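Descriptive structure summary
Here's the letter readout for the chains.
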Amino acid sequence: MSFPWANEYKPSHPLMQWIDEKLPLPRFVYNAVGAGYPVPRNLNYMWNFGVLAGFALVLQIVTGVVLAMHYAANAGVAFDSVEHIMRDVNWGWMLRYAHANGASMFFIVVYTHIFRGFFYSSYKAPREMIWLLGVVIFLLMMATAFMGYVLPWGQMSFWGAKVITGLFSAIPLVGPPLQEWLLGGFAPDNAALNRFFSLHFLLPFVILGVIILHVWALHIPGSSNPTGVEVKQESDTVPFHPYYTAKDGFGLGIFLMVYCALVFFAPNLLGHPDNYIPANPLSTPAHIVPEWYFWPFYAILRAFTSDFLIIPAKLMGVLAMFSAILVWFFLPWLDTSPVRSGHYRPLFRKFFYALVIDVLVLGYCGGAPAEEPYVMISQIASMYYFLHFLVILPIVSSIETPQPLPFSITEAVLGKDEHATLAPATPPSAPAVA
Amino acid sequence: MVRLFGPLVGLFFVAALLLSFGVGAYNAATQPTPPSAEKLFHMHPKDVKFSFDGPFGTFDKAQLQRGFKVYQEVCSNCHSLKQVAFRDLGALGYNEAQVKAIAKNWGTKAQTFDPKTGDRGERPNLPSDHFPPVYYAGQGNPPDLSLIAKSRHGGAQYIHSLLTGYVDQAGYKNEAGEELLKKFPDAKTPDGLYFNPYFANLNLAMPQPLTSEGQVTYSDGTKATVDQMAMDVSAFLTWTAEPKLDKRKQTGWPVLGFLLAATVLAYLAKRNVWADKH
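**Some words on the overall build of chain B**
Of the regular secondary structure elements, chain B holds eight helices and four strands. Ordered by position from the N terminus, the helices and strands of chain B form the series α-α-α-α-β-β-α-α-β-β-α-α. Structurally, chain B occupies a C-alpha span of about 80 × 75 × 50 Å along its principal axes. At a minimum sequence separation of 6, the contacts of chain B that also span at least 24 residues come to 67%.

**A short note on the overall build of chain A**
If you tally the helices and strands in chain A, you get 16 helices and two strands. When its C-alpha atoms are laid out on the principal axes, chain A stretches across 95 × 65 × 40 Å. Once local pairs closer than 6 in sequence are excluded, the contacts in chain A between residues at least 24 apart make up 76%.

**Quick word on helix α3 (residues 61–73) of chain B**
Residues and elements named next belong to chain B. The end-to-end C-alpha distance of α3 is 18 Å, a good match for the 18 Å that 13 residues give at a rise of 1.5 Å each. Those residues of α3 lying buried are Q63, L64, R66, G67, F68, K69, V70 and Y71. Taken together, the buried residues of α3 touch α7 (226–241).

**Here's the deal with the nonpolar core**
The biggest cluster of nonpolar side chains holds 104 residues, and the ones touching the most others in it are F106, V109 and I300 of chain A. Here this core takes 13 residues from helix α5 (residues 92–119) of chain A, the largest share from any one element. Split by domain, this core shows at least three residues from each of two domains, domain 1 (31–286) and domain 2 (289–401) of chain A. Counting residues in each nonpolar core, the second largest holds 44 residues, with C75, L92, L202 and A224 of chain B among its members.

**Some details on the interface of chain B and chain A**
Accessible area lost during the coming together of the parts is what is often quoted as the interface size. In this complex, chain B contributes 45 residues to the contact, which on the side of chain A involves 48 residues. Here the side of chain B that touches chain A takes 18 residues from helix α1 (residues 2–30) of chain B, the largest share from any one element. Looking at side-chain class alone, the side of chain B that touches chain A contains 27 nonpolar, ten polar and eight charged residues.

**Quick notes on the packing of α5 of chain A against helix α6 (residues 128–150) of chain A**
Residues and elements named next belong to chain A. Between α5 and α6, the least distance of the axes is 12 Å, while the angle of their chain directions is 155°. Taken together, the axes of α5 and α6 are roughly antiparallel relative to one another. Between α5 and α6 lies a crossing of left-handed hand. Taking contact as the criterion, the partners of A103, V110, I114 and G117 in α5 are, on α6, W131, F138, M141, A145 and G148.

**Considerations on the environment of D53 of chain B**
Residue and element names in this part refer to chain B. Locating D53 in the fold gives a position in the loop between α2 (37–41) and α3. Judged by local crowding, D53 falls into the exposed class, with 12 C-beta atoms found within 10 Å. In the structure, D53 is positioned 193 residues away from D246 in sequence and 11 Å away in space, judged by C-alpha atoms.

**Details of the domain arrangement of chain B**
Segmentation of chain B into domains returns domain 1 (40–84 + 130–242) and domain 2 (245–273). The straight-line distance from the C-alpha centre of domain 1 of chain B to that of domain 2 of chain B is 40 Å.

**What about the pairing of strand β2 (residues 120–123) of chain B?**
Residue and element names in this part refer to chain B. Inspection of the sheet shows strand β1 (residues 110–113) paired to β2 by four bridges, in the antiparallel sense. Across the sheet, residue F113 finds its bridge partner in β2, namely R120. In this structure, the hairpin formed by β1 and β2 is closed by a connection of six residues, where G118 is found at a positive phi of approximately 80°.

**Looking at the environment of L178 of chain A**
Residues and elements named next belong to chain A. For L178, the location among the structural elements is in helix α8 (residues 175–183). C-alpha of L178 to C-alpha of G209: the two residues are 31 residues apart in sequence and 28 Å apart in space. Setting aside chain neighbours within four positions, we find L178 in contact with F168 and I171.

**Observations regarding the packing of helix α15 (residues 374–399) of chain A against α1 of chain B**
It is at 9 Å that the axes of α15 of chain A and α1 of chain B come closest, and there the two elements cross at 165°. The orientation of α15 of chain A relative to α1 of chain B falls into the category roughly antiparallel. Crossing of α15 of chain A against α1 of chain B: the hand is left-handed. Here the contact of α15 of chain A with α1 of chain B is built from residues that sort into 17 nonpolar, six polar and one charged.

**Quick notes on the domain arrangement of chain A**
Residues and elements named next belong to chain A. If you check the domain split of chain A, you get domain 1 (31–286) and domain 2 (289–401). Here the C-alpha centre of domain 2 lies 22 Å away from the C-alpha centre of domain 1. Taken together, the contact between domain 1 and domain 2 spans 27 residues of the former and 22 residues of the latter. At the level of secondary structure, the elements contributing two or more residues to the side of domain 1 that touches domain 2 comprise α5 and α6. The element contributing the most residues to the side of domain 1 that touches domain 2 is α6, with eight residues. Looking at side-chain class alone, the side of domain 1 that touches domain 2 contains 18 nonpolar, seven polar and two charged residues.

**Here we look at unusual backbone geometry**
For the bond running from A125 of chain A to P126 of chain A, omega is 5°, close enough to zero to count as cis. Position of P126 of chain A among the secondary structure elements: in the loop between α5 and α6. Of the consecutive residues E372 of chain A and P373 of chain A, the connecting peptide bond is found in the cis state with omega at 5°. Locating P373 of chain A in the fold gives a position in the loop between α14 (346–367) and α15. Positive phi values are uncommon outside glycine, yet L202 of chain B reaches one of about 75°. Topologically, L202 of chain B is positioned in the loop between β3 (194–195) and β4 (203–204).

The rules we used
Residues numbered from 1 in each chain as written. Chains lettered and ligands numbered in written order. Predicted model: local features only at pLDDT ≥ 70, side-chain atom pairs only at ≥ 80, totals over all residues. Helix = DSSP H or I, 4+ residues; strand = E, 2+ residues; numbered from the N terminus. Contact = placed C-beta atoms within 7 Å. Expected span 1.5 Å × (residues − 1). Buried ≥ 20, exposed ≤ 12 C-beta atoms within 10 Å, placed from the backbone. Core = buried A, V, L, I, M, F, W, Y, C linked by C-beta atoms within 7 Å. Domains from an automatic or database assignment. Nonpolar A, V, L, I, M, F, W, Y, C, P; charged D, E, K, R; others polar. Axes fitted to C-alpha atoms, helices over the stretch in contact; angles between N-to-C directions. Parallel < 35°, antiparallel > 145°, perpendicular 65-115°, else oblique. Left-handed = near helix turned anticlockwise from the far one by under 90°. Pairing = 2+ DSSP bridges.

In structure tokens form, the structure reads like this:
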């Protein structure tokens, strides 16, 4: 679907006409990310992050495929093969640092993309399916990143794998056999490393598939925008190309500068020193922490320190950690306010910023050692997290009085819209003087 | 349905968290965990400066050669360097003949195995060989040093601090003026271990390796103080952990310069395209 005023693909070159007749792939691209896709004209820079996320995925696949040519997924040599990449493979150090920091950049971009969705309620009808697929992508990313971190087979790889697969052992009855089945043994070893490598190679392509669905679902209602007012007319939109290709080009430049500054000048800033120690099942690191992008959820996992009713603390933590993401699936039905954009929702906006701070606090606590006061802080922050999505959002959306919305995107941008008058602009006749 | 069960699920988690918080707060109030000796007496690495610090920093080859000499004469008695090959030493400024000589004269020889006879033997190391393993019979488990600078918080600063940080435990006070053995009489270093406040749990199996001035004779005339030897070997071990550091930074600047120019152009292009739409 597209708006009736969308540009039509008209190939002028005979070769392109020939291709378009047999397989309209250029037409498909033109309508997806070319001049054939009308997009609201008022998108701000928060709308750059979808394209950036797609770019980050391609970057990860390209660097990852080359790294896989040099890496050996065997517990005996995996660590040394990574050092071989760092020392002996031509530009191997750059590939590996690009891949490791690429994962961090991918998460920075995707977290921004998700919080853009929270603020502008991008999950609301008619865009629920885009949102649901987005949450699926995020879950797949987490699985992929976790398995990728295991591959260098350092201390954090090994103990991270042990802790994360240990989560499954919290499931009643089937837990311990399930963990053994997942690992192919009683503890992470060669079998686990091999299957993690296989899945780490597979999942990015699954993500790519879901991204295609995500973008397909996006093109049915079209992009949302900062006012949250739907597109009404041609003057509300501009063609994706050249307007947003140009804007995304600039955004990509900023992204690449931050990324390259990390890769070339602080490549280990976001990593953990312990992962440069080869995996040793007999020596437990003092603090086992995952990569930074899992810290908020790790803090929620560790916040449950007491058994509750008949549920052991560990199982509560696991349930809560997964629920913390699964709750996003229900957002379209938890937030029932008809107004989308946080710009016009004064009360919602305050809680949104509280959520941003809350997740940052959770992230800090998740990276800190599991001792007081961090545990108590993460308990309070976890409470707010669940209250925000499951209690506050439904209440706010029913009690809040939103501010008036602009008539149209055109009015929001230009200050006036000639279509905004509903009736001829004649002054009401003066009341008869009695 | 969602709006009926959602708040219930939310309150369920909040109730469990309140219980956890209550129990935790009660325990913290009634039986607070006293700070451990490590927490109060472990020191962060000294703030020493190296030539390779910062985005413009590069290795000082003379220093790396001196550091290699310290490794060769002191550290290599117990610590291996298995990720590094003799040929890599060319990056320190040694020429091919020197690298060959270093490999050939290295104390531990390369192991050989003849598959026809089953005989095991030895041969001198070649530049293509990695540094041979070190067999250590004493107490403790000396780690391989190839990646030590990247596998410890503080890197080169940590190594330097550890090497120069051995002190007498009796009467040792931290910056707050608390005396370790008065506050924690049980924290006395056991026999066979050595006290060092820069080590995570304060006691390590390695005796002070750099003990006296002139322990290593530098061929470039630099005065071999303990501090100087510690600086040099810390720099050398940073090189073994990150041999491509110079190349990485040298590559980074043109890359960033290109990206800056491209981004400015992209911004101008964007402004041009959008000129009539604001």
